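Below, each chain spelled out in residue letters.
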Amino acid sequence: MRRTGTIFNVQRFCTHDGPGIRTTVFFKGCPLRCKWCSNPESQKMAPQLMVRPSKCTGCGACAAACPEGAVVLLPNRPAQTRWEDCTHCFSCVDACLYGAREAAGREASVDELMEEILADRVFYENSGGGVTLSGGEPLLQPQFAAELLARCKEESLHTALETCGHAPREAAVQLARSLDLVLFDVKQLNPLKHRKYTGMDNNRILRNLEFFSQNTETWLRIPLVAEVNDSEDHMDALANLAIRLGVQKISLLPYHEGGASKADQIGLEYPIPGACKPPDNHIKRLTRIASDLGIEVTVGH
Amino acid sequence: MATHSPQEKNVRDHLVVKTVRNIRKHGGREEDADKGMYRPDIRLDLERSILLTESYKATEGEPMVLRRAKALDHILSNMTLYIQDWEKIVGNNVATPQGLFFGIDMNWRSVRRIVDQDEAKTLLDDEGRKKLDELIEYWKGKSMSDIQQKMFTGPVLECWQIPKGGAGTWSHWSELGVPDYEKAFTLGFSGLIKQCRARLDEIDQTVPFDYVDQKEFLQAVIISLEAVIKFARRFAALAREKAFQTHDPADRARLEAVAKVCDRAPEHPPETLHEALQSFFFIHVVRYIEFSTLGIGVRFDKVFGPYYQKDLEAGRITREEALELLQLLWLKFHELGLIYSPTLSAIYGGVAALQAICIGGVDETGKDVTNEMTYLVLDCAEKMRSPEPTIALRYHDGTPRELISRAVDVIRTGVGYPAFFNDKAILPLLDRWEVPLHDARDYSISGCVYLELPGKNISHRAYGGFILPAALLCALSQGRDAAGNLVGAPTPDPMGFSGIEDLMDAYEEQVRYMFQRLCTIENTCQTLYERHLPRPFYSALLEGCIEKGMETKKWGYPSPVANICIVLGPVNVSDAMAAIQKNVFEEKTVSMEDLLAALASNWEGYEHVRRLMINAPKFGNDDDYADRLAVEVQHRSAAAMEKAKNRFGVSCRGDGSGISATYAAGAFLPATPDGRMAGEPLSDATLSPVFGMDKKGPTAVLKSASKISTRETFNHLLNQKFLPQALSGDMKEVFIDYIRSWGDLGVSQIQFNVVDPQTLLDAQENPEEHPDLLVRVAGYSAYFVDLSKGLQDSIIARTEQNF
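Computed from a predicted model, the values in this text were never measured in an experiment.

### Here we look at the overall build of chain B
Counting its regular elements, chain B contains 31 helices and 16 strands. Relative to the 2.2 N^0.38 estimate, which gives 28 Å for 803 residues, the radius of gyration of chain B is 26 Å and therefore close to what a compact globule would have. Taking the principal axes of the C-alpha coordinates as reference, chain B spans close to 80 × 65 × 55 Å. Residue burial in chain B is summarised as follows: out of 803 residues, 58% are buried. Of the contacts formed within chain B by residues at least 6 apart in sequence, a portion of 79% connects residues at least 24 apart.

Okay, structure coming up:
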């Protein structure tokens, strides 16, 4: 099949995106703009420039290659990028020999992804692993995602989807057919707070959660950010929602600072510089709230 | 970190550390020399040398094989014996627990040199140095190294040393090999002697053409075996004497038990586990006394499991008692350190005697051998956390998951073993080497990844290191070194190469040419060993020697399994090929002329070229572009090496035991086209990606490694580094599945460094706080503090695989 989509990474040997050893395909493009986003390069659909100043030797090849004059050289400093002038043509990426400039995102066909996915079949078979679509948001590219999943099912691979849930119902329906597991991100149950921190209402998300949990084994994933969604009441509400939907597993993912440095690399200002992960003992308390209700809770990753 | 009871701690307190520090890079450049080669309480033992010299003087003019047997008898009858206050398994090859074995009959020059220098001054006092000089007076011209130097001339002599040897370095060095313990236990030494006498009677009747040789050999075997029985009796007597002197009833019981065991071992077939272990250790120690020896190689669970089972069934032993016996045996293994030359210390950094034992796998009929002893060995290893013996675990489809799980527990402690060896890869290889299936199924591992066939006439050693990237550089220089001397084959001018095939052909020719030269030395050396250092004792324990009336060196097990030369840097070569293919021949971003100039200047002024070479596809990422060339390089190198034959017409071959030579050889090697700078280490094993070049994670590494056919090449080594948490909690099962996938992929070996990089960095800064930190170097584990800074750096640099 010749269908292509936009992805920004294929990561092999993932052990935290579902059972066993997995290959995770990260889709590019996301409808939400969570302020704590750990993969800010996944938000925009189009491929974009990513700069790692720590690898820059100041050789100037990028500046010479840039047709817009958007790279500025200063003595003894990494090359500076004038983001407002950058057209993401990637001339500088091709010119850079040091890996300081990369394109985040590329077009990939279902065929080429399948080849990469099937390379690790022996590991899936031994470990009960498989393939996870993550992102970004796979549901934003439903045709592409559906085809990829269908091909995985043809190969009898275990399939999982990690989703924020913000998508038309048809997209969810289309994918659910080929899914063994859904890892559903719930960031905030309060619609106003949800909009404040992610830019979107959570109405649609919660309805899709309901849909998936009725059709596919579904686990919840909660990115935990101090003061944003780590109250005990919120956890209690989440746990009760899980019980009502028959969800048996919740993963708590404490905030980490990986996103902030990546935001810098794509010329974004990180929206909540002061964000931090809840204290460990508080995470323990939250864990207990859910596990006391009989839900399996994991922390991390 | 596991906690240990006071009692366990006491056992470990008896560990005597004789590992050699890696203080020099190859070529004698001093590095960290003030650290000293050995720990300050270690001494060079001269007793064997003194007794050997006495005996040699008394037997001049007699046939060599009898002289060697009589020398062994003289040593075993007169050497100082000791039984320390904790020993239950006894036997020593040096006069004190702090002694270092010294084979003066092998080589004395480097030893004489270093005992005057800072790095090894503490090994002898002035009186000792005087005594050493007296002994040397006798051995001048008689030691093996003297005899060899007289033999070799011209370019062949140059192979002795890097860098003059082009791509190879040859060294005379201790041998490995595995006695037929099962036969020795079934017959007892009394039975072996009977066998010799029967053979003597037979040849007295038939008088074959080599009658005199056979007769002398068989007489020598009898002298040797009887000498070992006497040696055991001396231990029995010493134990009784000590039992008489002690007032502690528990101690008396211990010593009386030792005496009783030594009354029977190794003369009679053992009846208990204790007797079997004691017989084994006598054989092991005497093998080390007879001839400079390394390794163990016994299939520990297969050989000792039945004795343990019998004792358990008879109610003679508890699990705790058996475990204690093993721990005490482990302590004894540690007393078997030997003196290294500075050159060898660079290659064997952190080694005492390279001792490895083997567990798991199948028996001769294909049945899994896992038994209670298998698990006991792992329990012992976990408690001892000692650099030797390392453990080789043979893996096959029928290996119980429980055994892998237990092995992972031990690996998680960071000791670096067990390493896994894959029957799926190794049995087909042995098949290609024409080893009958029955013998092949009993293969074992004795040192790094040295393949052994227990009891078969194999007495090999790593006689050299073959540095494949040096052959590649010769292919790019028409066989000339930087000074213009012809060190390799005169292959065509690289400026005329029209594609990677031309380079590949030239490279293959260099490998063939230089390896042939190395084998010329080795084959000559083997005839010298045969003439000057026959081994009647070891021969008695190998299938066929008594039967044929022929000493081990006079014939050989007819398979390439017996001839090994360690292979260094195949991955650097294949990464270089991929980089040249891409940049020079395909995309033409670098001209051959610029590449050669860049290499000659160690990339100085050619950083642009170096980056292009580094950015080319690399082995270890499951990328066929790089992996296809890796397959071609590895398969063609192995085939070129096999064109060289040993004295009996059997192919010589490579072996993946990299030891720390990947570091030592890299130290003198100029820049290579994979982007490596001059002096940097080579990739740390024959299947390991170059440091930091594997960017697709641990599954991609295994996939790349699996493309290299073990059957078409040789046994390999693959290092993987993980954080401890990757083997803990939920992740443990995933890790086991990863190992099972490795098994399915048919990669011949895998071993793990499981350590937090911060711990390594801290140990580098504060070595005194980490005296016990073990790391996996190559096919062995070593104390991190014994390694030179550069070697430490190279271990820290191994790509860490994250879960």
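Let's pick the thread back up.
### Concerning the overall build of chain A
When its secondary structure is counted, chain A shows 11 helices and 13 strands. Relative to its length of 301 residues, chain A is compact, with a C-alpha radius of gyration of 20 Å against a globular reference of 19 Å. Its C-alpha atoms give chain A principal-axis dimensions of about 60 × 45 × 35 Å. Sorting the 301 residues of chain A into buried and exposed places 48% on the buried side. Residue pairs in contact within chain A that sit at least 24 positions apart in sequence constitute 71% of those at least 6 positions apart.

### Focus on the nonpolar core
In this structure, Val377, Phe466, Leu468 and Ala471 of chain B are the most contacted members of the largest nonpolar core, which totals 343 residues. Setting aside chain neighbours within four positions, we find alanine 471 of chain B in contact with Ala167, Gly488, Tyr507, Gln510, Val511 and Met514 of chain B.

### Remarks on the domain arrangement of chain A
Residue and element names in this part refer to chain A. Taken domain by domain, chain A comprises domain 1 (4-45 + 106-299) and domain 2 (48-104). In this structure, domain 1 and domain 2 have C-alpha centres spaced 32 Å apart. If you look at the interface, domain 1 gives seven residues, while domain 2 gives eight residues. In the side of domain 1 that touches domain 2, the residues fall into two nonpolar, two polar and three charged.

### With respect to the sheet that holds strand β3 (residues 168-170) of chain B
Residues and elements named next belong to chain B. Here we have four strands laid out as an open sheet, ordered β3-β9-β10-β11, and mixed in their pairing. Since the sheet does not close on itself, it has two edges, and those belong to β3 and β11 (653-655), each with one partner. Here the average twist between neighbouring strands, direction ignored, is 35°. Taken strand by strand, helix α19 (residues 468-475) contacts β9 (462-467) and β10 (564-568), and its axis lies near 45° from that of β9.

### Topic: the UniProt feature "domain: Radical SAM core" (unreviewed entry) in chain A
With numbering aligned to this structure, UniProt lists the feature "domain: Radical SAM core" (unreviewed entry) at residues 16-296 of chain A. Helix makes up 36% of residues 16-296 of chain A and strand 19%, and the two end C-alpha atoms of the span are 15 Å apart.

### What to know about the domain arrangement of chain B
Residues and elements named next belong to chain B. Domain boundaries assigned for chain B yield domain 1 (14-154), domain 2 (155-171 + 458-533 + 555-715) and domain 3 (297-446 + 718-802). Centre-to-centre separation of domain 1 and domain 3, based on C-alpha positions: 29 Å. Listed as interface residues are 31 residues of domain 1 and, on the opposing side, 32 residues of domain 3. For the side of domain 1 that touches domain 3, the leading source of residues is helix α4 (residues 109-114), giving three residues. Here the residues of the side of domain 1 that touches domain 3 sort into 14 nonpolar, nine polar and eight charged.

### What to know about the interface of chain A and chain B
Accessible area lost during the coming together of the parts is what is often quoted as the interface size. Contact with chain A, which involves 13 residues of that partner, is made by 20 residues of chain B. Broken down by secondary-structure element, the contributors of at least two residues to the side of chain A that touches chain B are β1 (4-14) and α4 (121-127) of chain A. The dominant element in the side of chain A that touches chain B, judged by the number of residues it contributes, is α4 of chain A, at four residues. Tallied by class, the residues present in the side of chain A that touches chain B amount to seven nonpolar, four polar and two charged.

### Points about the pairing of strand β9 (residues 158-163) of chain A
Residue and element names in this part refer to chain A. Most of β9 is tucked away: six of the six residues are buried. Where burial is concerned, the two faces of β9 agree: the one with His158, Ala160 and Glu162 and the one with Thr159, Leu161 and Thr163 are both buried. As paired strands, strand β8 (residues 130-135) and β9 are joined by four bridges and run parallel to one another. Looking at β9, one finds that leucine 133 is bridged to leucine 161. In this region the chain leaves β8, passes through helix α5 (residues 142-154) and returns to the parallel neighbour β9; the handedness of that crossover is right-handed. In terms of strand pairing, β9 meets strand β10 (residues 181-185) through four bridges, oriented parallel. Counterpart to leucine 161 in the pairing with β10 is valine 182. After leaving β9, the chain enters helix α6 (residues 169-176) and then returns to the sheet as β10, a path that is right-handed.

### Comments concerning the environment of alanine 778 of chain B
Residues and elements named next belong to chain B. Residue position: alanine 778 is located in the loop between β14 (774-776) and β15 (781-783). With 31 C-beta atoms counted inside 10 Å, the residue alanine 778 sits in the buried group. In sequence terms alanine 778 and tyrosine 82 are 696 residues apart; their C-alpha atoms lie 33 Å from each other. Ignoring any residue separated from it by four or fewer positions in sequence, one finds alanine 778 in contact with Cys448, Ser657, Gly658, Ile659, Ser660, Ala685 and Leu717.

### Looking at unusual backbone geometry
Geometrically, the link from glycine 135 of chain A to glycine 136 of chain A is a cis peptide bond, its omega value of 15° lying close to zero. Locating glycine 136 of chain A in the fold gives a position in the loop between β8 and α5. A cis amide bond links alanine 265 of chain B with the next residue in sequence, proline 266 of chain B, at an omega value of -5°. With a phi close to 70°, phenylalanine 90 of chain A is a non-glycine residue in the positive phi region. Among the secondary structure elements, phenylalanine 90 of chain A is positioned in the loop between β5 (80-81) and α2 (91-95). Phi is positive for lysine 588 of chain B, which is not a glycine, with a value near 50°.

### Considering the packing of helix α9 (residues 211-245) of chain B against helix α10 (residues 249-264) of chain B
Residue and element names in this part refer to chain B. Between α9 and α10, whose axes approach to 8 Å, the crossing angle comes to 160°. Taken together, the axes of α9 and α10 lie roughly antiparallel to each other. Helix-helix and strand crossings are classified by hand; for α9 and α10 the assignment is left-handed. Residues Ala232, Arg233, Phe235, Ala236, Ala239, Arg240, Lys242 and Ala243 of α9 form the contact with α10, whose own contacting residues are Arg252, Leu255, Glu256, Val258, Ala259, Cys262 and Asp263. For the contact of α9 with α10, the class distribution of residues is nine nonpolar, no polar and six charged.

### Re the confidence of the model for chain B
Residue and element names in this part refer to chain B. For chain B, per-residue confidence averages 92 on the pLDDT scale, and 95% of positions sit at 70 or higher. Low pLDDT (under 50) marks residues 1-6, which in the prediction has two contacts with non-local residues, meaning those over four places away or in another chain. In this model, residues 26-30 is a region of pLDDT below 50 whose contacts with residues beyond four sequence positions or in other chains number 12 contacts. Reported confidences for the modelled complex are a pTM of 0.94 and an ipTM of 0.94.

### Points about the environment of phenylalanine 619 of chain B
Position of phenylalanine 619 of chain B among the secondary structure elements: in the loop between α25 (607-615) and α26 (624-642). Judged by the 35 C-beta atoms lying within 10 Å of it, phenylalanine 619 of chain B is buried.

### Quick word on the sheet that holds β1 of chain A
Residues and elements named next belong to chain A. The strand order across the open sheet built from nine strands is β7-β1-β2-β8-β9-β10-β11-β12-β13, with neighbouring strands paired in mixed fashion. Strands with a single pairing partner mark the edges of an open sheet, and in this sheet they are β7 (106-109) and β13 (296-299). If you compare each strand with its neighbour and ignore which way they point, the axes differ by 30° on average. The pairing of β1 with β7 spans four bridges and is classified as antiparallel. Bridge pairing in β7 places glycine 5 opposite alanine 108.

### As for helix α27 (residues 661-668) of chain B
Residue and element names in this part refer to chain B. Among the eight residues that make up α27, seven are buried, leaving the element largely enclosed by the rest of the structure. All buried positions along α27 are accounted for by Ala661, Thr662, Tyr663, Ala664, Ala665, Gly666 and Ala667. Looking at the buried side of α27, the elements it contacts are α14 (342-347), β9, β10 and α31 (789-797).

### Overview of the packing of α19 of chain B against helix α20 (residues 500-532) of chain B
For any two helices packed against each other, the geometry is given by the interaxial angle and the distance between the axes. Residue and element names in this part refer to chain B. Running from N to C, α19 and α20 point in directions that differ by 125°, and their axes come no closer than 8 Å. With respect to each other, α19 and α20 are oriented oblique. Where α19 crosses over α20, the handedness of that crossing is right-handed. On the side of α19, the interface is formed by Leu468, Ala471, Leu472, Cys474 and Ala475, while α20 contributes Leu503, Ala506, Tyr507, Gln510, Val511 and Met514. For the contact of α19 with α20, the class distribution of residues is 10 nonpolar, one polar and no charged.

Cut-off values and rules
- Residues numbered from 1 in each chain as written.
- Chains lettered and ligands numbered in written order.
- Predicted model: local features only at pLDDT ≥ 70, side-chain atom pairs only at ≥ 80, totals over all residues.
- Helix = DSSP H or I, 4+ residues; strand = E, 2+ residues; numbered from the N terminus.
- Rg over C-alpha atoms; globule rule 2.2 N^0.38 Å.
- Buried ≥ 20, exposed ≤ 12 C-beta atoms within 10 Å, placed from the backbone.
- Contact = placed C-beta atoms within 7 Å.
- Core = buried A, V, L, I, M, F, W, Y, C linked by C-beta atoms within 7 Å.
- Domains from an automatic or database assignment.
- Nonpolar A, V, L, I, M, F, W, Y, C, P; charged D, E, K, R; others polar.
- Pairing = 2+ DSSP bridges.
- Axes fitted to C-alpha atoms, helices over the stretch in contact; angles between N-to-C directions.
- UniProt positions renumbered as here; feature names shortened; annotations may be inferred.
- Right-handed = clockwise from strand over helix to strand, strands pointing away.
- Parallel < 35°, antiparallel > 145°, perpendicular 65-115°, else oblique.
- Left-handed = near helix turned anticlockwise from the far one by under 90°.
- pLDDT = per-residue confidence, 0-100.

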